[in-house]
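Reading the structure
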Amino acid sequence: MTQQAEASRPHIPLQDRLRQLLDGPVALDKRALLGTLYAEVSRCETVAYAAGWNDALATTRRNSRRDEDA
């Protein structure tokens, strides 16, 4: 999924998403449940990693502008 698609997707905390999967109307077998959980955790990690890089880049840009203005 692209970053733009991720941004348009409503944010559901991981704990709530896991609860939806576990308590959902369809019972998943162990393999399907583990696969789904792995995909959800990986997605959350990817979003968090990208957000961290975006924050770091924004801070670096801000600091370089201050250095240029000084």
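Treat the numbers as computed from the prediction; the structure is a model and nothing was measured. (Residues numbered from 1 in each chain as written. Predicted model: local features only at pLDDT ≥ 70, side-chain atom pairs only at ≥ 80, totals over all residues. Heavy atoms only, no water.)

Comments concerning the overall build of the protein chain
A tally of helices and strands in the protein chain yields three helices and zero strands. Scored against the burial criterion, the 70 residues of the protein chain give a buried share of 6%. Total accessible area computed for the protein chain in this model is approximately 6100 Å², and 57% of it derives from carbon and sulfur atoms. (Helix = DSSP H or I, 4+ residues; strand = E, 2+ residues; numbered from the N terminus. Buried < 20%, exposed > 50% of the residue type's maximum accessible area, 1.4 Å probe, protein only. Areas by Shrake-Rupley, 256 points an atom, 1.4 Å probe, with all protein chains shown as cover.)

Comments concerning the pattern of salt bridges
Pairs may arise between side chains of opposite charge once their charged atoms sit close together. Following the criterion strictly, the structure yields two salt bridges and no others. In this structure, Arg-19 engages Asp-16 in a salt bridge whose closest nitrogen and oxygen atoms are separated by 3.0 Å. Placement of both Arg-19 and Asp-16 in helix H2 (residues 14-23) is noted, with a separation of three residues, approximately one turn of the helix. On the basis of relative accessible area, Arg-19 is assigned to the partly exposed category, the value being 41%. Salt-bridge contacts for Glu-40 lead to Arg-43; the nearest nitrogen and oxygen are separated by 3.9 Å. With Glu-40 and Arg-43 both in helix H3 (residues 30-69), this residue pair falls three residues apart, about one helical turn. Given a relative accessible area of 21%, Arg-43 falls into the partly exposed group. (Salt bridge = Lys/Arg side-chain N within 4 Å of Asp/Glu carboxyl O.)

Some thoughts on a nonpolar patch on the surface
Judged by side-chain polarity, Tyr-49, Trp-53 and Leu-57 come together as a nonpolar surface patch covering roughly 360 Å² of accessible area. Of note, Trp-53 is situated in helix H3. (Patch = residues over 30% accessible without salt bridge, like charges linked within 9 Å, V, L, I, M, F, W, Y side chains within 5 Å.)

Describing the confidence of the model for the protein chain
Summary statistics for the protein chain give a mean pLDDT of 77 and a share of 83% for residues scoring 70 or more. When mean pLDDT is taken per element in the protein chain, H3 scores highest with 82 and helix H1 (residues 3-8) scores lowest with 52. (pLDDT = per-residue confidence, 0-100.)

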